[in-house]
Amino acid sequence: MEADKDIQNTPTGFYCKLCDVQIPNKPSLEDHMKGKKHQHLCRLRAKRKSQEENSVYVSGFKPATSVTELTEYFQQYGPVAEVIMDKDRGLYAIVEFSEPASTDVALAQLQHRLDGLKLRIKPRERKGFKLASKAKHDPNKPQVNLEKLNHELCQTASVNEQMQKVVENFQLGENESKARELLVQLLQEVLTEFLPDCQILPFGSSVNTFGVHSCDLDLDLDLQSTQTFQNRTKRSEQTGENKSEDGQSEDSILSDIDLATASPAELLELVAAILRKCVPGVHKVQPVSTARLPVVKFSHRQLDLHGDITINNRLAVRNTRFLQLCSGLDSRVRPLVYTFRFWAKQKHIAGNPSGGGPLLNNYALTLLVFFYLQNINPPVLPTVEQLKNMACEEEECVINGWDCTFPSQPIRVPPSKNTDDLCTLLFGFFTFYHKFDFPESVLCLRSGRALPITDYEEMHNAAEGSDTKQTPSSGPKLGPVNILDPFELHHNVAGNLTERTLKNLRRELCEAEKYCRSLQYQRKSAKGKSWGLVRLFAPHEGTSRPQDGVEKVPEISVPFRAAVLRGSFRTELAAAGDASRVMWFKKVCSVVEVVFNDILKCAPTTQVELEPSSTPTDHDQEQTKLEEVNNNQKTVVDASGNRASAHPGVKRSLSEEPSSSCSPQGKRPRLDSSSAFPEAVQWTWIQRHQVWAGRRKIRRFLVKSSDEASKPEGGCRSIESRVTRYIVEKDPDPRDLLEFGVDAALVGSGELTRALLKIKPTSDPAGHFQDFFHFLDSFLLRMVETLLAKSE
Ligand code: UTP
């Protein structure tokens, strides 16, 4: 398989040649291979391969020969998909046929003549697919050597000093900043030639005081004055003057494009053309009009810099000023931001490879730090609303209708009364966020408060008018983490984040919080061992994370918790003595079935009807009710490990013994014996709908105006069933998305008794399992406990 050829084993895991990335272990490798980037490159490679196979290389035609002439000539061998000509020199062309057979026919023809000249044709060169390689390391460019950094950090006397060292190591040097300034000047000069009065303004990490070596150069091309200039020129043309006041004639680039009506794609193409042709050193110019903000990407060869130009992105320039201001308000802000950013990158929570992606971006990380600093007591940073009130009249600023007013200089803002040192603040940061209910809150830096998500949606809907109440898909992109931009209040700067990233974020925050409580964090090791930030940044040791080469089946654990059970069932359990453990497990299995069958509408691969109980007790009646669902193909394993599969059409109840140990009378055994019920159960289900996608939003939409709104996810059976129904009804294309098996086993004893549910895909052609499992990971336990409490 071609995909296998892409992967190389390395001493530290795997290397994907196609994507040029290192992968630490097998589970990550599987994720990677199912991931968007890898899949995209595989498709692209297949496309290139078929293009190469379908194409011939043609030369020998006259320089004036057109694409149409070549197309018409080659059409005699089969339909032509595309002709690409070496336009500048008119020396050769690539003719791509729609079908590979046409290539063979054209190549088999002994002679080709066009316009009196003999054409030379040959198979197109097979180049092999290569991802543009990363920029080579420039020894003159400052890079952070991790080993050296760790060594330096271990030598310092305190965490405070370590955090300062992190800043020193990562921050942009004077020369780097100077180089960026020079490139901005050069771009300004060239672009002004074509777009009079335009302004090229840096924003983001190059200028916000949080930049690191090799960070991107983000630029805003402001064309508002150019547009005014164009309007003026048009008016003077209409009044008979051909030349504008500064000599721009009608054949200037502006005569080809109307800035007022041009689409973003047209503007990007224009900027890209200027960059390609007129800016020395600039290469790899690529307009991307599909991004949230359309952008022209480029690189600069000599400066080894990557840049992004967006157009009329004044909000970004302004929020960069805000970041600069906050950084200048207190000297502890920068060390905290640099430390948190580096920590997040080390833990794979941040660092999307090229802008978009499922992780947090640097802007969002910075805002998380600011929000925390607004919320500690006493605060280190004021809220955006407070800053607005400190600004004077000249500092008032509204962009695209958003109030972006704040003082231009830190001097106008009273200093913080908070005296905590950096070590304490960092610990406080992890304590603040490790239990933070991200999915149910909206972080609002304007007010410095975390708004309950329902309040925010109401506020937003009220502001937007009645339309938005009709469908849950409108409005800002709320997701697992919601951080409002300080100014553009309809923008969630973490809107790209996936459930999975949130799960990782939570896990890492908990680990970090736990570590910060230890002496290893706070005190330098007398024995020269790693301490402080070094261990905080390090990969985990001895945790339950998947290790190289070890396959780990995803599992969810349902702990025995008497407190969540219904009173009458608790009494039954108490009376059951030794059998209580198994009785509890049986109940858990029943509700697990209800969750998958009824609430999440999973279909059984084979339907097996349940047998009614012969002499039901109260508990059994209730149990039977729970079990009156279409059951799945199910295998039961008894305590001694014997397995028996339930066959299609065979009637079996969850409480029935496996066939190997079936009572001779065929009667249902009583539950008051610990051997009467198997200690393991297996099911297989098929999911035909993406019941996890957009679920929270739909739930909020459905319960908005009811008393149920306060119920957390998984806290109410009827709501969750309605949400699934809504998703199912809106799904135009139900198909077998995913088949998965669940193995339930009763493990542990006493207080540690738990039902362990191992969940694994048995057929997952489209790679949905990861998302489904991450949803189940938080949903299933809550739902099971809700059902256990209600015994519905
Ligand atoms: P980044 O997240 O790229 O931050 O946003 P950065 O510090 O510049 O990091 P690198 O080095 O490019 O990765 C860059 C700027 O884009 C604007 C902000 O001005 C931010 O400083 N931005 C980003 C937004 O306005 N909104 C967003 O959601 C993201």
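The structure we're discussing is the one just above.
Everything numeric in this text was worked out from a predicted model, so none of it was measured. (Residues numbered from 1 in each chain as written. Predicted model: local features only at pLDDT ≥ 70, side-chain atom pairs only at ≥ 80, totals over all residues. Heavy atoms only, no water.)

Trainee: Can you walk me through the overall build of the chain in this structure?
Mentor: Scanning the chain from terminus to terminus reveals 25 helices and 24 strands. Per-residue burial over the chain gives 47% buried out of 792 residues. Counting contacts in the chain only where the partners sit at least 6 residues apart, residues at least 24 apart contribute 67% of the total. Carbon and sulfur atoms make up 50% of the accessible area of the chain, which amounts to about 39400 Å² in all. (Helix = DSSP H or I, 4+ residues; strand = E, 2+ residues; numbered from the N terminus. Buried < 20%, exposed > 50% of the residue type's maximum accessible area, 1.4 Å probe, protein only. Contact = heavy atoms within 4.5 Å. Areas by Shrake-Rupley, 256 points an atom, 1.4 Å probe, with all protein chains shown as cover.)

Trainee: Just checking my understanding: could you explain the site of the ligand for this structure?
Mentor: Around the ligand lies a shell of 17 residues, among which Ser 205, Asn 319, Asn 362, Tyr 363 and His 491 are the nearest. Between the ligand and the protein, one listed contact pairs an oxygen atom with a side-chain N or O atom of Thr 320 at 3.3 Å. At a separation of 3.0 Å, an oxygen atom of the ligand approaches a polar side-chain atom of Asn 362. Contact with the protein chains hides 82% of the accessible area of the ligand, taken as 570 Å² for the molecule alone. Contributing elements (two or more residues each) for the shell around the ligand: helix 11 (314–329) and helix 13 (362–375). With 3 residues, helix 11 is the largest single contributor of residues to the shell around the ligand. A class-by-class count of the residues in the shell around the ligand yields 5 nonpolar, 8 polar and 4 charged. (Near = heavy atom within 4 Å. Polar contact = N/O pair within 3.5 Å; in protein donor to acceptor, adjacent residues only side chain to side chain. Nonpolar A, V, L, I, M, F, W, Y, C, P; charged D, E, K, R; others polar.)

Trainee: What exactly am I supposed to notice about the sheet that holds strand 2 (residues 13–16) here?
Mentor: Hydrogen bonds between backbone atoms are what pair the strands of a sheet, whose relative direction is either parallel or antiparallel. Spatially, the 3 strands line up as an open sheet ordered 1-2-3, and their pairing is antiparallel. Lying at the two open borders of the sheet, with one neighbouring strand each, are strand 1 (7–10) and strand 3 (21–23). In this sheet, neighbouring strand axes are inclined to one another by 30° on average, regardless of whether the strands run parallel or antiparallel. Here strand 2 pairs with strand 3 via 3 bridges, running antiparallel. Paired with Phe 14 across the bridge in strand 3 is Ile 23. Where helix 2 (residues 26–34) meets the sheet, its contacts fall on strand 1, strand 2 and strand 3, and the angle it forms with strand 3 comes to roughly 135°. (Pairing = 2+ DSSP bridges. Axes fitted to C-alpha atoms, helices over the stretch in contact; angles between N-to-C directions.)

Trainee: Quick question: what am I supposed to make of the side chain of Ser 236 here?
Mentor: The residue Ser 236 is located in helix 9 (residues 224–238) in this model. Residue class for Ser 236 comes out buried when judged on its relative accessible area of 13%.

Trainee: Would you mind going over the sheet that holds strand 9 (residues 199–203) with me for this structure?
Mentor: The sheet built from 5 strands is open, its strands ordered 9-10-13-12-11 with mixed pairing. Edge positions in the sheet fall to strand 9 and strand 11 (282–288), since each has one partner strand and no second. Along the sheet, successive strands turn relative to each other by an average axial angle of 25°, direction set aside. In this structure, strand 12 (residues 295–300) lies alongside strand 13 (residues 305–311), joined through 6 bridges in antiparallel fashion. Within the sheet, the bridge partner assigned to Ser 299 lies in strand 13 and is His 306.

Trainee: Sorry if this is basic, but what is going on with the pairing of strand 10 (residues 217–222) here?
Mentor: Looking along a regular strand, one sees side chains alternate from face to face of the sheet. Where burial is concerned, most of strand 10 is hidden: 6 out of the 6 residues are buried. The two faces of strand 10 match: Leu 217, Leu 219 and Leu 221 on one face and Asp 218, Asp 220 and Asp 222 on the other face are all buried. Across 5 bridges, the pairing between strand 9 and strand 10 is antiparallel. Note on strand 10: the bridge partner recorded for Gln 199 is Asp 222.

Trainee: What is the right way to read the packing of helix 21 (residues 580–599) against helix 24 (residues 717–730) from this model?
Mentor: Each pair of packed helices gets described by two things: the angle between the helix axes and the distance between those axes. The interhelical angle for the contact between helix 21 and helix 24, taken along N-to-C directions, is 35°, at an axis separation of 10 Å. Touching Val 594, Asp 598 and Ile 599 of helix 21 are Arg 717, Glu 720, Ser 721 and Thr 724, all from helix 24. Residue classes in the contact of helix 21 with helix 24 are distributed as 2 nonpolar, 2 polar and 3 charged.

Trainee: Would you explain the packing of aromatic side chains in this entry?
Mentor: Each aromatic ring pair is characterised by the separation of its centres together with the angle its planes make. Per the stated rule, a full pass over the model turns up 38 aromatic pairs. Considering the side-chain rings of Tyr 515 and Tyr 521, the 5.9 Å spacing of their centres and the 70° angle between planes classify their relative orientation as edge-to-face. Through pairs of rings, three or more aromatic residues link up here, namely Phe 340, Trp 343, Phe 371, Tyr 372, Phe 429, Phe 430, Phe 432, Tyr 433, Phe 436 and Phe 438. The ring of Phe 406 carries Arg 318 above its face, with NZ or CZ at 3.9 Å from the centroid. (Phe/Tyr/Trp six-rings, centres within 6.5 Å; stacked < 30°, edge-to-face > 60°. Lys NZ or Arg CZ within 6 Å of the ring centre and 35° of its normal.)

Trainee: Where do I start with helix 7 (residues 159–170) in this structure?
Mentor: Across its 12 residues, helix 7 extends 17 Å between first and last C-alpha, which sits within 8% of the 16 Å expected from 1.5 Å per residue. The secondary structure elements touched by the buried residues of helix 7 are helix 6 (146–155), helix 12 (333–346), helix 15 (422–434), helix 18 (519–522) and helix 19 (533–537). (Expected span 1.5 Å × (residues − 1).)

Trainee: How should the nonpolar core be read in this particular structure?
Mentor: Side chains that are nonpolar tend, in soluble globular proteins, to be buried together. Ranked by size, the top nonpolar core spans 75 residues in total, and within it Phe 322, Trp 343, Leu 360, Phe 370, Tyr 433 and Ile 483 carry the most contacts. Considering every element that reaches this core, the biggest residue donor is helix 13, with 10 residues. For Phe 370, the contacting residues outside a window of four places in its chain are Phe 210, Phe 322, Leu 323, Cys 326, Val 333, Val 337, Leu 381 and Leu 445. Judged by nonpolar contacts, the second largest core, of 46 residues, contains Phe 585, Phe 596, Trp 692 and Leu 737. (Core = buried A, V, L, I, M, F, W, Y, C linked by side-chain atoms within 4.5 Å.)

Trainee: How should the environment of Pro 439 be read in this particular structure?
Mentor: Among the secondary structure elements, Pro 439 is positioned in the loop between helix 15 and strand 16 (441–444). You can call Pro 439 buried: its relative accessible area is 3%. When the C-alpha atoms of Pro 439 and Asn 482 are compared, they prove to be 7.2 Å apart, with 43 residues separating the residues in sequence. Not counting chain neighbours up to four residues away, the residues in contact with Pro 439 comprise Ile 453, Gly 479, Pro 480, Asn 482, Leu 502, Arg 506, Arg 696 and Arg 700.

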